[in-house]
Amino acid sequence: CRCWPTTPSVRAAAGPRPGEGVGGSPGAAEPTGPDRVSVAVRGPRFRRLKMGAGHRLDVKASGVFVLGIGDGNKLLTDLYNCHLTKVYTVGGLFGKATEDFSDTGKLVEKTTFDHITREKLERILAVIQGTNHKALLMYSNIDMKTQEAYELAVEGLIRPMGKSPPIITGIRCLQFAPPEFQLEIHCLHETQQYLRKIVHEIGLELKSSAVCTQVRRIRDGVFTLDDALLRTHWNLQSIQKAIWDCQLKVKTEIEKTLG
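Remember, predicted model here, so these are calculated numbers, not experimental data. (Residues numbered from 1 in each chain as written. Predicted model: local features only at pLDDT ≥ 70, side-chain atom pairs only at ≥ 80, totals over all residues. Heavy atoms only, no water.)

Brief notes about the packing of helix α2 (residues 72-81) against helix α6 (residues 236-258)
One can describe the packing of α2 onto α6 by two numbers: an axis separation of 10 Å at closest approach and a directional angle of 45°. As far as their axial angle goes, α6 and α2 are oblique. Of the two elements, α2 crosses α6, and the hand of that crossing is left-handed. Residues Leu 75, Asp 78, Leu 79 and Asn 81 of α2 form the contact with α6, whose participating residues are Val 250, Ile 254 and Leu 258. (Axes fitted to C-alpha atoms, helices over the stretch in contact; angles between N-to-C directions. Helix = DSSP H or I, 4+ residues; strand = E, 2+ residues; numbered from the N terminus. Parallel < 35°, antiparallel > 145°, perpendicular 65-115°, else oblique. Left-handed = near helix turned anticlockwise from the far one by under 90°. Contact = heavy atoms within 4.5 Å.)

Notes on helix α3 (residues 118-140)
Taking 1.5 Å per residue as the helical rise, α3 with its 23 residues ought to reach 33 Å, and the 32 Å between its terminal C-alpha atoms agrees with that figure. Residues of α3 that are buried: Leu 121, Ile 124, Leu 125, Ile 128, Asn 132, Leu 136 and Ser 140. Following α3 by one or two positions, Asn 141 adopts a phi angle in the positive range, close to 55°. (Expected span 1.5 Å × (residues − 1). Buried < 20%, exposed > 50% of the residue type's maximum accessible area, 1.4 Å probe, protein only.)

Thoughts on the nonpolar core
If you look at the biggest cluster of nonpolar residues, it comprises 28 residues, and the most contacted ones within it are Val 90, Leu 121, Phe 181, Leu 183, Ile 185 and Ile 202. Those elements that provide at least two residues to this core are β4 (86-94), α3, β7 (167-177), β8 (180-188), α5 (192-205) and β9 (210-220). Looking at which domains feed residues into this core, each of domain 1 (51-80 + 224-258) and domain 2 (85-220) gives three or more. Those residues in contact with Leu 183 that sit more than four places away from it in its chain are Tyr 88, Thr 89, Val 90, Leu 125, Ile 171, Arg 172, Cys 173, Leu 174 and Ile 202. Core analysis: the second largest hydrophobic core is formed by 12 residues, Val 66, Cys 82, Cys 246 and Val 250 among them. (Core = buried A, V, L, I, M, F, W, Y, C linked by side-chain atoms within 4.5 Å. Domains from an automatic or database assignment.)

Some points on the pattern of salt bridges
The full count for this structure, using the stated rule, is 10 salt bridges. Measuring nitrogen to oxygen at the nearest pair gives 2.6 Å for the salt bridge that ties Lys 249 to Asp 227. Taken together, the positions of Lys 249 in helix α6 and Asp 227 in the loop between β10 (223-224) and α6 put the pair 22 residues apart, joining distant regions of the chain. Take Asp 227: its relative accessible area is 16%, and that puts it in the buried class. (Salt bridge = Lys/Arg side-chain N within 4 Å of Asp/Glu carboxyl O.)

Remarks on the packing of aromatic side chains
For the structure shown, the criterion picks out one aromatic pair. Centre to centre, the rings of Phe 94 and Phe 181 are 4.3 Å apart; their planes meet at 25°, and the pair counts as stacked. In this pair, Phe 94 is assigned in strand β4 and Phe 181 in strand β8, connecting sequence segments 87 residues apart. Residues Phe 94 and Phe 181 agree in their burial class; the two are buried. (Phe/Tyr/Trp six-rings, centres within 6.5 Å; stacked < 30°, edge-to-face > 60°.)

What to know about the confidence of the model for the chain
For the chain, the mean per-residue pLDDT works out to 83, and 77% of the residues sit at or above 70. For residues 1-37, every residue scores under 50 in pLDDT, and the model assigns this stretch 102 contacts once sequence neighbours within four places are set aside. (pLDDT = per-residue confidence, 0-100.)

Digging into unusual backbone geometry
Put simply, Pro 178 and Pro 179 share a cis peptide bond, and its omega is 10°. Tracing the backbone shows Pro 179 in the loop between β7 and β8. Although it is not a glycine, Phe 101 adopts a positive phi angle of roughly 70°. Considering the arrangement of structural elements, one finds Phe 101 in the loop between β5 (96-98) and β6 (107-110). Positioned with a positive phi, Lys 207 is a non-glycine residue whose angle comes to about 55°.

Encoded structure:
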């Protein structure tokens, strides 16, 4: 299922202000007994609450999906401008090709895969990472001979600070049990469909074919699965706690990257 952490430093939903009843009228008596409604879900502030989505997930993907609440919508923009790395686990299946590169798409062809070894797969992954590393340096617009470049490299802050094509900053094989395999991909400016296409292209490079069986985001910048709220925790108390728990690391990342 999808996991939904929230951005910090936002105004939480609140009920009536002091002196107001539950319905919002000053001085009105508050209902009691079965007619009583929690002040946490009523009042003018709640009706004006705004929510925004961070880096989106398509319908076939799952994992960390960041939301902004209230003032946190501005922080979503700041985090977007930081161009932070996202991390996915991506499942693949050798021997098939489909129109949309997923295992549920219309079948195009079947191929053999007995000749594929983990060593051959890892060689292809190394080529992909090397090619993307050159693109990362090009779009970062940094002179790699300077002290600034050295310091950014040490801190892991070399990244495009503007628009660029999707860039893979790291890719490795987590599991290899033909015909199935699983990759961990670190990337910038990607879409989930782009990651499915990468699986397809890996199959072609190995003189076979491959489809993507799963795309799961396990990190979105400073947010990880540990910060995420499962569906069973989508309630006011859990959301408030997630907001407060994430405040410091979001503030630190924005100040470090954007100054």
